[in-house]
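Examination of the molecular architecture
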Amino acid sequence: MTDEDLLQASTDLRVALGRLVRRLRQGYVVGELTLPERSVLSRLDREGPATPGCLADLERVKPQAMGVTLAGLVDRGLVERRKDDSDGRKVLMSVTEAGVRLLTDRRSRTTRQMATALAEKFTEAEQRELIAAIPLIERLADEL
């Protein structure tokens, strides 16, 4: 691909993802996880325990913002704090059983809406393409 092709693809992807994020935010219901909360909870579930500072770096937010996000998750019993066995001065955050259950709960309204749209408006081949692209989109997000 040429540099021009990559610039156009980047522009198109940014616009498409921006629209998707806006739609997801519009569907937010009090009591459901916010996008930052879901991202942190998913990361802890996928990658294992991490310090708040490491999570802030990975999520590209200020430590204070991560502190607010983590406090909300701790208050809801979805994440727990514990001392690092290798360095007692550090605190590690990890997902709780309740957090794992919430992540795997398919009853979230926005999750149901997205699953319905995928089932009704996309072919099986398109569904497979979107699913295959998820790790690439996550990797792109990590690189920015």
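Nothing here was measured: the structure is a model prediction, and the numbers come from that model.

If you walk through the whole model with that rule in mind, you get seven salt bridges. The salt bridge involving Arg 46 is made with Glu 47; its shortest N-O contact spans 3.8 Å. A residue is classified by how much of its surface remains accessible, and Arg 46, at 47% relative accessible area, is partly exposed. Looking at Glu 47, the relative accessible area reads 46%, which means it is partly exposed. Residues joined by salt bridges that share partners form a network here, namely Arg 43, Arg 46, Glu 47, Glu 59, Glu 138 and Asp 142.

So, on to helix H4 (residues 63-75). Between its first and last C-alpha, H4 extends 18 Å over 13 residues, near the 18 Å set by a 1.5 Å rise per residue. Of the positions making up H4, those classed as buried are Met 66, Thr 69, Leu 70 and Leu 73. Buried residues along H4 cover an arc of 95 degrees about the axis, so they all sit on one side. H4 presents Gln 64, Val 68 and Asp 75 as exposed residues on the side facing more than 90 degrees away from its buried surface. After H4 finishes, the residue Gly 77 shows a positive phi value of roughly 75 degrees.

So, about the nonpolar core. Judged by nonpolar contacts, the single largest core of 15 residues is most densely connected at Val 40, Leu 41, Leu 44 and Leu 55. In contact with Leu 41, other than residues within four places in its own chain, are Leu 33, Leu 78, Val 79, Val 95, Gly 99, Leu 102 and Leu 103.

The buried fraction of strand E2 (residues 91-95) amounts to four of the five residues, a majority that puts the element mostly inside the structure. Of the pairings in the sheet, the one linking strand E1 (residues 79-83) to E2 comprises five bridges and is antiparallel in character. Its bridge partner lying in E2, Arg 81 is registered against Met 93.

Let's shift gears to the environment of Arg 112. Its location among the elements puts Arg 112 in helix H6 (residues 109-121). Along the primary structure Arg 112 and Pro 63 are separated by 49 residues, whereas in three dimensions their C-alpha atoms are 32 Å apart.

The next point concerns a nonpolar patch on the surface. A surface patch of nonpolar side chains, about 270 Å² in accessible area, is lined by Leu 13, Leu 140 and Leu 144. Among the residues examined, Leu 13 registers a relative accessible area of 32% and is labelled partly exposed.

Rules used throughout
- Residues numbered from 1 in each chain as written.
- Predicted model: local features only at pLDDT ≥ 70, side-chain atom pairs only at ≥ 80, totals over all residues.
- Heavy atoms only, no water.
- Salt bridge = Lys/Arg side-chain N within 4 Å of Asp/Glu carboxyl O.
- Buried < 20%, exposed > 50% of the residue type's maximum accessible area, 1.4 Å probe, protein only.
- Helix = DSSP H or I, 4+ residues; strand = E, 2+ residues; numbered from the N terminus.
- Expected span 1.5 Å × (residues − 1).
- Arc of directions from axis to C-beta.
- Core = buried A, V, L, I, M, F, W, Y, C linked by side-chain atoms within 4.5 Å.
- Contact = heavy atoms within 4.5 Å.
- Pairing = 2+ DSSP bridges.
- Patch = residues over 30% accessible without salt bridge, like charges linked within 9 Å, V, L, I, M, F, W, Y side chains within 5 Å.
- Areas by Shrake-Rupley, 256 points an atom, 1.4 Å probe, with all protein chains shown as cover.

Remember, this is a structural readout, not a statement about activity or role.
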